[in-house]
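Each chain, letter by letter, is given below.
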Amino acid sequence: MKKVFFLSLLSSLSMISCSLEGSEENNLTGNPLEGRTAQSILSKSQAIDDFKKALADANNPALIQEEIANNSGSQGLGPSRKKILLEPAKMVLLSTGMTKDIVNGLEDDAIISQAFISISNEQKP
């Protein structure tokens, strides 16, 4: 059951990563007058790019196998994968205008989840 969960998590993360391909270009070619400066668009784009790179690192099969072998009992991300995603996820949230106090008040899982939501919201027209 856990192998199925990890495989489904891996495939869903891969689909999200693939579906986000080109989102930076869309942000840069969009209307910069939507209440954002060109600089904030670039920083948001960079934060998203860094999160996507961290996502690829966290989906390293060796880390996934290590989590399965350790069988920590949780069905979420293991500590090593959370550590990889946490800082880039915080940067995504900060780039969307969330304050450091709010971000620091969230649990690690909530920060990572909110980063995924922020990225998916960026793709909606």
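Participant: I keep staring at helix H4 (residues 61–70) and nothing clicks. Help me out?
Facilitator: Given 3.6 residues per turn, any residue in an α-helix points the same way as the ones three and four places further on. Looking at H4, one finds that the buried residues are Leu63, Ile64 and Glu67. Summarising the axial view, the buried residues of H4 lie within an arc of 100°, below the 170-degree limit, and thus occupy one face. Those residues of H4 that are exposed and angled more than 90 degrees off the buried face are Pro61, Ala62, Gln65 and Ala69. Its side-chain oxygen placed 2.9 Å from the backbone nitrogen of Ala62, Asn60 serves as the N-cap of H4.

Participant: Help me out: how do you make sense of helix H5 (residues 79–95) in this one?
Facilitator: Helix length check: H5 (17 residues) gives 24 Å between terminal C-alpha atoms against 24 Å at 1.5 Å per residue, within 8%. Along H5, the largest kink reaches about 35° and is centred on Leu86; proline Pro88 follows within four residues of it. Those residues of H5 that fall on the buried side of the exposure criterion are Arg81, Leu85, Leu86, Pro88, Ala89, Lys90, Val92, Leu93 and Ser95. At the C-terminal side of H5, Gly97 shows a positive phi close to 105°.

Parameters and conventions
- Residues numbered from 1 in each chain as written.
- Predicted model: local features only at pLDDT ≥ 70, side-chain atom pairs only at ≥ 80, totals over all residues.
- Heavy atoms only, no water.
- Buried < 20%, exposed > 50% of the residue type's maximum accessible area, 1.4 Å probe, protein only.
- Helix = DSSP H or I, 4+ residues; strand = E, 2+ residues; numbered from the N terminus.
- Arc of directions from axis to C-beta.
- Polar contact = N/O pair within 3.5 Å; in protein donor to acceptor, adjacent residues only side chain to side chain.
- Expected span 1.5 Å × (residues − 1).
- Bend = angle between axes of the 7 residues up to and from the residue.

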